[in-house]
Amino acid sequence: MAVTKMRKTPKGKLRAVSTRTPKYVYSFANGKADGRSAMRPLLGGKGCELAEMTNLGVPVPPGFTITTEAWAAYNGAGKKHPPGFWKQIESGLARLEAAAGSRLGDPDRPLLVSVRSGARVSMPGMMDTVLNLGLNDETVGGLARRTRNERFAWDCYRRFLTIFGDVVLGIDRHGFDALLDRVKEKAGAKTDADVPADALKELVADSKRLVQERTGRPFPQDPTEQLWLAINAVFDSWWAKKAVDYRRIHRLADDWGTAVTVMAMVFGNLGTTSGTGVCFSRDPATGEKRFFGEFLVNAQGEDVVAGVRTPEHLDDLKRRMPKAYRQLVAIKDKLERHYRDMQDIEFTVQDGRLYILQTRSGKRTGAAAVRIAVEMVEEKLIDRPTALCRVEPASLSQLLVKTVDPNARYSAIAQGLSATAAAAVGRVVFNPEKAVETALRGERVILVRAETSPEDVAGMHVAEGILTSRGGLTSHAAVVARGWGKCCVVGAGDVVVDEENGLFRAGKSVVREGQVITLNGATGQVVVGPLPLVDPKLSEEFKQLLDWARDVATTKVRANADTPEDARKAREFEADGIGLVRTEHMFFKDERIPIVREMIMAEDVEARKKAVDRLLPFQREDFIGIFKAMTPHPVTIRLLDPPLHEFLPKYKDVIEEYTRLDALRINPARHQELGGIKARLEALLEANPMLGHRGCRLGITFPEIYEMQVRAIMEAACTVARQGVAVEPEIMIPLTGTTAEMKLTGEMTRRVAEAVTAEMGVRVPYMVGTMIEVPRAALIADQIARHAEFFSFGTNDLTQMTFGYSRDDIGKFLPFYLDKKLLPADPFAVLDREGVGELIRIGIERGRKTHRDLKVGICGEHGGEPSSVEFCHQVGMTYVSCSPYMVPIAWLAAAQAEITEPRRRPEPARGGKRHA
Ligand code: PEP
Ligand code: MG
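Residues numbered from 1 in each chain as written. Chains lettered and ligands numbered in written order. Predicted model: local features only at pLDDT ≥ 70, side-chain atom pairs only at ≥ 80, totals over all residues. Heavy atoms only, no water.

Asker: Please explain the coordination of the magnesium ion (ligand 2) as it appears in this structure.
Answerer: Working reference: metal with six octahedral donors, ideal angles 90 or 180 degrees; metal with four tetrahedral donors, ideal angle 109.5 degrees. Protein coordination at the magnesium ion (ligand 2) comes from Glu773 (OE) and Asp797 (OD), with a distance range of 2.0 to 2.2 Å. Of this pair, Glu773 sits in the loop between strand E31 (767-772) and helix H28 (775-779) while Asp797 sits in helix H30 (residues 795-803), and the two are 24 residues apart along the sequence. (Donors = N, O, S within 2.8 Å, 3.2 Å for Na, K, Ca; no water. Helix = DSSP H or I, 4+ residues; strand = E, 2+ residues; numbered from the N terminus.)

Asker: Where do I start with the pattern of salt bridges in this structure?
Answerer: Proximity of charged atoms lets side chains of opposite charge pair with each other. Following the criterion strictly, the structure yields 62 salt bridges and no others. Note that Asp283 is salt-bridged to Arg290, the shortest N-O span being 2.9 Å. Since its relative accessible area comes to 5%, Asp283 is described here as buried. With a closest N to O distance of 3.3 Å, Glu747 and Lys743 form a salt bridge. Taken together, the residues Glu747 and Lys743, both in helix H27 (residues 739-760) and four residues apart, mark about one turn of the helix. Residue class for Glu747 comes out partly exposed when judged on its relative accessible area of 43%. (Salt bridge = Lys/Arg side-chain N within 4 Å of Asp/Glu carboxyl O. Buried < 20%, exposed > 50% of the residue type's maximum accessible area, 1.4 Å probe, protein only.)

Asker: I would appreciate a short explanation of the nonpolar core in the present structure.
Answerer: Nonpolar side chains in soluble globular proteins tend to end up buried together. Counting residues in hydrophobic clusters, the biggest one holds 141 residues, and the most contacted among them are Phe627, Met714, Phe791, Phe793, Ile840 and Met877. The element contributing the most residues to this core is helix H26 (residues 703-722), with 11 residues. Leave out the neighbours within four places in its chain, and Phe791 touches Thr770, Ile772, Ala781, Ile784, Ala785, Gly843, Gly847, Leu854, Lys855, Val856, Gly857 and Tyr879. Counting residues in each nonpolar core, the second largest holds 69 residues, with Phe85, Ile89, Phe160 and Phe235 among its members. (Core = buried A, V, L, I, M, F, W, Y, C linked by side-chain atoms within 4.5 Å. Contact = heavy atoms within 4.5 Å.)

Asker: Can you help me understand the packing of aromatic side chains in this one?
Answerer: Within a pair of aromatic rings, the relevant descriptors are the distance that separates the centres and the angle that separates the planes. Overall, the coordinates contain 20 aromatic pairs when judged by the stated rule. Where Phe85 meets Phe235, the ring centres are 6.3 Å apart and the plane angle is 40 degrees; that geometry is what we call tilted. Residue Phe85 is found in helix H3 (residues 85-100), and its partner Phe235 is found in helix H8 (residues 223-236); the two are separated by 150 residues along the sequence. For the pair formed by Phe85 and Phe235, the shared burial category is buried. Members of the aromatic cluster, connected to one another through ring pairs, are Tyr24, Tyr74, Phe85 and Phe235. Above the ring of Tyr26, the side-chain terminus of Lys23 is found at 4.6 Å from the ring centroid. Above the face of the Phe291 ring, Lys332 is positioned so that its terminal group lies 5.0 Å from the ring centre. (Phe/Tyr/Trp six-rings, centres within 6.5 Å; stacked < 30°, edge-to-face > 60°. Lys NZ or Arg CZ within 6 Å of the ring centre and 35° of its normal.)

Asker: How should the site of ligand 1 be read in this particular structure?
Answerer: Surrounding ligand 1, one finds 13 residues, the nearest of these being Arg582, Arg638, Gly794, Asn796 and Arg807. Contacts to ligand 1 include Arg582, whose side-chain N or O atom sits 2.8 Å from an oxygen atom. Between ligand 1 and the protein, one listed contact pairs an oxygen atom with a side-chain N or O atom of Arg807 at 2.9 Å. Alone, ligand 1 offers 280 Å² of accessible surface; in the complex the protein occludes 96% of this. A total of three residues in the shell around ligand 1 trace back to one element, the largest contributor, which is H30. Its residues assigned to classes, the shell around ligand 1 comprises three nonpolar, four polar and six charged. (Near = heavy atom within 4 Å. Polar contact = N/O pair within 3.5 Å; in protein donor to acceptor, adjacent residues only side chain to side chain. Areas by Shrake-Rupley, 256 points an atom, 1.4 Å probe, with all protein chains shown as cover. Nonpolar A, V, L, I, M, F, W, Y, C, P; charged D, E, K, R; others polar.)

Asker: Just to check I follow, could you spell out the pairing of strand E24 (residues 516-520) for this structure?
Answerer: As a general feature of sheets, a regular strand has side chains that alternate between the two faces. Burial within E24 is extensive, with four of its five residues counted as buried. Note: strand E17 (residues 424-429) against E24, four bridges, orientation antiparallel. If you follow Arg427 over to E24, its bridge partner there is Val516. Across four bridges, the pairing between E24 and strand E25 (residues 525-528) is antiparallel. Opposite Leu519, over in E25, you have Val526 as the bridge partner. Hairpin remark: E24 followed by E25, antiparallel, with four residues in the connecting loop; positive phi at Gly524, about 80 degrees. (Pairing = 2+ DSSP bridges.)

Asker: Can you walk me through the sheet that holds E25 in this structure?
Answerer: Note on sheets: strands pair through backbone hydrogen bonds, and any given pair is parallel or antiparallel. Spatially, eight strands are ordered E15-E25-E24-E17-E18-E19-E20-E16 in an open sheet, and the strand pairing comes out mixed. Each of the sheet's edge strands pairs with one partner strand only, and the pair in question is strand E15 (414-415) and strand E16 (417-418). As paired strands, E15 and E25 are joined by two bridges and run antiparallel to one another. Across the sheet, Gln415 pairs through a bridge with Gln525, a residue of E25.

Asker: Please explain the packing of helix H20 (residues 564-572) against helix H22 (residues 605-630) as it appears in this structure.
Answerer: Relative placement of two packed helices is described by the angle separating their axes and the distance separating the axes. Remark: H20 packs on H22, axes separated minimally by 8 Å, with the N-to-C direction vectors making an angle of 10 degrees. Our classification of the angle between H20 and H22 gives roughly parallel. Here Pro564, Ala567, Arg568, Ala570 and Arg571 of H20 come into contact with H22, specifically with Asp622, Gly625, Ile626, Ala629 and Met630. Among the residues making up the contact of H20 with H22, the classes are represented as six nonpolar, one polar and three charged. (Axes fitted to C-alpha atoms, helices over the stretch in contact; angles between N-to-C directions. Parallel < 35°, antiparallel > 145°, perpendicular 65-115°, else oblique.)

Asker: What am I meant to see in the side chain of Asp622 here?
Answerer: Positionally, Asp622 belongs in helix H22. Judged by its relative accessible area of 8%, Asp622 falls in the buried class. With near-sequence residues (within four places) excluded, Asp622 lies in contact with Pro564, Met586, Lys589 and Arg592.

Asker: Sorry, what's going on with unusual backbone geometry here?
Answerer: Glycine aside, negative phi is the norm for most residues, and most peptide bonds take the trans geometry. For the bond from Thr631 to Pro632, the omega torsion is 5 degrees, close enough to zero to count as cis. Looking at the secondary structure, you find Pro632 in the loop between H22 and strand E29 (635-638). Non-glycine residue Asp351 carries a positive phi angle of around 50 degrees. Mapped onto the secondary structure, Asp351 falls in the loop between strand E12 (343-350) and strand E13 (353-361). On the basis of relative accessible area, Asp351 is assigned to the exposed category, the value being 52%. Phi at Leu735 is positive, roughly 60 degrees, even though this residue is not glycine. Looking at where Leu735 falls in the secondary structure, it is placed in the loop between strand E30 (729-733) and H27.

Any link to function would need more than the numbers given here.
Written as structure tokens, this is what we have:
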């Protein structure tokens, strides 16, 4: 479309030039459409598929779609239509009118249209729609005459007034609903459908009066003005609060904008040969290949959505209108074959004639997604890479754990962060001992704590679920529970735990010990009372998809596992090895915590050695179990890195007991013991334990601890090797920040390892490497790599130290930051590519300058998060490591990353040199 504009020449003179106005309007009418599926960003999902269907010969009412480019121009110009816009609408309308055989505003043959939003990604119910546009005091008569149904025509008019008043004129629809209720009462009508035509006329007059009162202007009678206003309102609904919130939650871009589709109305409410419905080409809950849907006879689409009447099964359509049903079956088959995906189709039958109003790829559960993807490969509809990309990796988590029944209705009393997707129901208890005691009686419990510590582990383990009011996604509770695949909601800021009085408060709700609650892991919600849960089932299709993912992925997947049971679980999910054994987690068992405490509290080397020696057999046994469970795959074992405070008795508790005994002058022996503990706690007290005496700093100052651990690892490795079990320990130093630290700890490790293998007379291949979790380590990775044979990025600490956000306290400000868009996502959940990611890139690049084939992995919680896995693939990591329950998710994410960005060559599976 040519437009003449004045432009300056390079010499500064004005010259008339002809520019092309963008094509803002795409028609679909009479079996021909200007648009197609591939134009989704421009025409929105609805608009592009209506065009595609028209070209396929599917019966679609005629219409046109206004592009997102028009939205952008309108939005950018301060809500003004761009030049040439309305002219294009007029010609689109003319084509529509010709195809429909009626005209907007024609009193005899009035055209009615719907004006609908449509973004490139479906945002169900978030934006606005106007139906029955074109009605006024004159055209209502034309509609009544043409349909020979006066009641129907006036019902459409009153519906139009309500929807237009609400969406376009900003009048709360309750005002219109109140008028309807009054008319119904007066007419003695039970339902809307019982209101007679005369009463509807009265209602229309009342509604028009309401519009005049609220806006100071009469209801616009000119259909062209109605259309103009409605298009603007749908454009503007992109900025409605609910739409903005939806985009924030689903991380959709604000600048995409919405297209607007104007389409001839078809009526499902013309009598018993009409109706409206929604159908799916396969079952969206299970994925089963069966035609599935709902239908309402004599109804408009909004009646289905509003839930006023309960829709019937599609069999009802088959019985009442067999011809339309047969046609619908043929169309859904055609559309599924065409799109090669399960379709969610909206349809209307008007006087026995079928129209398709929308088709899209149907939303589905994780289980359905897997089944549909695998079965479509078997049916030769799609290939394996397509199938792998069809399943959202995160949706697999629903398949691995118990979840809340999707049909359950409830309201939540509090909201936290969900550490796992698992849901749980149980009685509230506030301390771990009570949890154990109650669980032993066969009761299900939910452990509710302000935060958890290693002392709580026994109670956490027996609990169905864990709820904490403090802590983020890498807090103690979250990390431990995730490893078990257990339900855990952390950082529920509204929950105030009052353990003394045996209750917690959440807003106005008070929940007492013993009361049953449900934690919905998928959403982080806390609900009073039991909700129905559904069990996970590992289907054959799931295993098939996992196999395909493993074949494709070049970034391997390992598990973070601390016990032989975890290691077995990890193998069940096809983990390629263990990427992180947190050895401090092996100390969480009841009989071990006091020894660890003794080790930490020891005042001299002798006392510490004694405690350490008592720990050695426990560690060796655990390592033997893990090696056997994981053979022949590698196992990375991290030397001790406890934030010491997590293992110590609470200073507050010690002081309380000490003061009580002091005042009562009883139990002098305990009093003296407590005095010693108090003094030691004071000496160990750190202002900032996360940045304190932990990681290799501990191993360097107390070398006997690391020496014992290396000995236990190598003794275990030699023991199983003697039994013919293939074993590959990779010993990992935590929290390295300087070359000197790495050199010292590396030398110590090798010295002890060599001594053990010499003593035991067995050669076992082993490696010595380091975590990269201090930003400085990433920057000097080339130097560190001189002493390390592999790297594993500890992105929990690396994120903490890069942002300077405490892992345990981020919950205090994160919701605010997310709400205000100061952060795109929780950086402890989704790897921050810009900052933390840059350090990772630098670390890998510099490390591989020293060791070309350096093996590099990640073992922070990001290792199981799909977009972080994609990043790890892109920067050339050898593997990612995550909790056993996340392993399938990570395999699928790694496969998808390989499909979208294939690596030139697979990353090395081995490190540089190897001690053997
Ligand atoms: C990390 O910091 O990413 C890590 C894996 O170690 P931890 O969570 O045990 O500190
Ligand atoms: Mg760490």
